[in-house]
Each structure stands twice: as structure tokens, then as C-alpha cells.
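# Understanding the architecture of this molecule
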Amino acid sequence: MIYQHNMLDTEYNGWTNYSTWNAALWVDNEEYAYFTRIDEQKRIVEWNSELVEQFIRDMFPDGTPDMQMREEDGCKLHTLDHVNYGEIADAWNDEEFSE
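Residues numbered from 1 in each chain as written. Predicted model: local features only at pLDDT ≥ 70, side-chain atom pairs only at ≥ 80, totals over all residues. Heavy atoms only, no water.

## Notes on the packing of aromatic side chains
Operational definition: Centres within 6.5 Å are what make two rings of Phe, Tyr or Trp a pair, Trp counting through its six-membered ring; a difference in plane orientation under 30 degrees is then read as stacked, over 60 as edge-to-face, and the rest as tilted. Runs of E in the DSSP output that reach at least two residues are strands. Runs of H or I that reach at least four are helices, and both are numbered from the N terminus. Whether a residue is buried, partly exposed or exposed follows from its accessible area with a 1.4 Å probe, protein chains only, as a fraction of its type maximum: under 20%, in between, or over 50%, in that order.
Going through the model one piece at a time under the given rule, you end up with eight aromatic pairs. Centre to centre, the rings of W26 and F60 are 6.2 Å apart; their planes meet at 70 degrees, and the pair counts as edge-to-face. With W26 in helix 1 (residues 18–29) and F60 in the loop between helix 3 (49–59) and helix 4 (65–69), this pair connects stretches of sequence that are 34 residues apart. On the basis of relative accessible area, W26 is assigned to the partly exposed category, the value being 24%. The class for F60 is buried, based on a relative accessible area of 9%. Ring geometry for F55 against W92: centres 6.0 Å apart, planes inclined by 85 degrees, an arrangement best described as edge-to-face.

Here's what the structure looks like:
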């Protein structure tokens, strides 16, 4: 039998964890954040984990709306501190955009 020691480390929808999936989802589905990311990508050429973290924290300083709502016993279960920014950088760098 497999026991999960930490729910924050559990893969979610193909991403490292829920927080990583949720942050990427909000950036790609919130119009302003998405188009700002595309404009930024043209300027910087390639994302790295530090740039992704800065971008996401600028867009969602208190976490995504979903992160703000998910609490257990007054403690947030998922925060921007749990995001795998390197994984998001890799995903964004793999995308191709036509101008």
C-alpha cells in the first residue's frame, strides 16, 4: 500500500503538484495575465524559474483566487511557495507562437 506523506507533493493533472498546475492555469486562462506573459516572452526570449516566479507573484501577489479560497483549519493548503517555477518555465519555453 502506498501512503502519501505530503499532499502538496502529489502530481496533479500532469504537473508537479496542485499549486504549480493552478498557477499555470490562471496565467494561461486570465486574459490580462496571458497577454502580458506573451508580450514579456517576446522581450526576454527565454523564461527561467526566477523570471516565472517574479511574473506570477506580480500577477497574483496573494496567490491565485483558488489558492486564496482553499484553506484547512485556517491554514492555506496551496500557496505560491509550493509552485515549481522551473516546470512552468520549461512549459512556456516549449510553446511556439506565431506573430
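## Regarding helix 3
Put simply, the rule is: This arc is built from the directions going out from the helix axis to the C-beta atoms. The criterion used for residue contact is that any of the two residues' heavy atoms lie within 4.5 Å. Here a polar contact means two N or O atoms within 3.5 Å. Within protein one must be a hydrogen donor candidate and the other an acceptor candidate, and residues neighboring in sequence count only if both atoms are side-chain atoms.
Along helix 3, the positions that sit buried rather than exposed are V52, F55 and I56. Seen from one end, helix 3 has its buried residues packed into an arc of 95 degrees, which puts them on one side. Among the exposed residues of helix 3, those oriented more than 90 degrees off its buried face are E50 and D58. Against the buried residues of helix 3 lie helix 1, helix 2 (31–44) and helix 5 (85–94). At the N-terminal boundary of helix 3, the capping side chain belongs to N48, with an oxygen 3.0 Å from the backbone nitrogen of E50.

## Considering a negative patch on the surface
The condition is simple: Two joining distances apply to patches: 9 Å for like charges and 5 Å for nonpolar side chains (Val, Leu, Ile, Met, Phe, Trp, Tyr), and every residue must have over 30% relative accessible area and no salt bridge. A 1.4 Å probe and the Shrake-Rupley method give the accessible areas. Residues count as covered only by the protein chains that appear here. Every case where a carboxyl oxygen of Asp or Glu lies within 4 Å of a side-chain nitrogen of Lys or Arg is listed as a salt bridge. Only four residue types enter the charge count: Lys and Arg as positive, Asp and Glu as negative, with His and the chain ends excluded. Note on charges: their place is set at NZ of Lys, CZ of Arg, CG of Asp or CD of Glu.
There is a patch of like negative charges on the surface, built from E46, D90, D94 and E96. Structurally, D90 is set in helix 5.

## As for the environment of A91
With respect to the helices and strands, A91 occurs in helix 5. A91 sits in the partly exposed class, given a relative accessible area of 27%. Sequence separation between A91 and A24 is 67 residues, and the spatial gap between their C-alpha atoms is 9.2 Å.

## With respect to the side chain of R37
Locating R37 in the fold gives a position in helix 2. For R37, a relative accessible area of 0% puts it in the buried group. Within the structure, R37 has its side chain in polar contact with the side chain of E95 (distance 2.9 Å).

## Quick look at the environment of D81
Mapped onto the elements of the fold, D81 is located in the loop between strand 2 (75–76) and helix 5. Overall, the relative accessible area of 62% leaves D81 in the exposed class. Counting along the chain gives 18 residues from D81 to G63, while the straight-line C-alpha distance between them is 9.2 Å.

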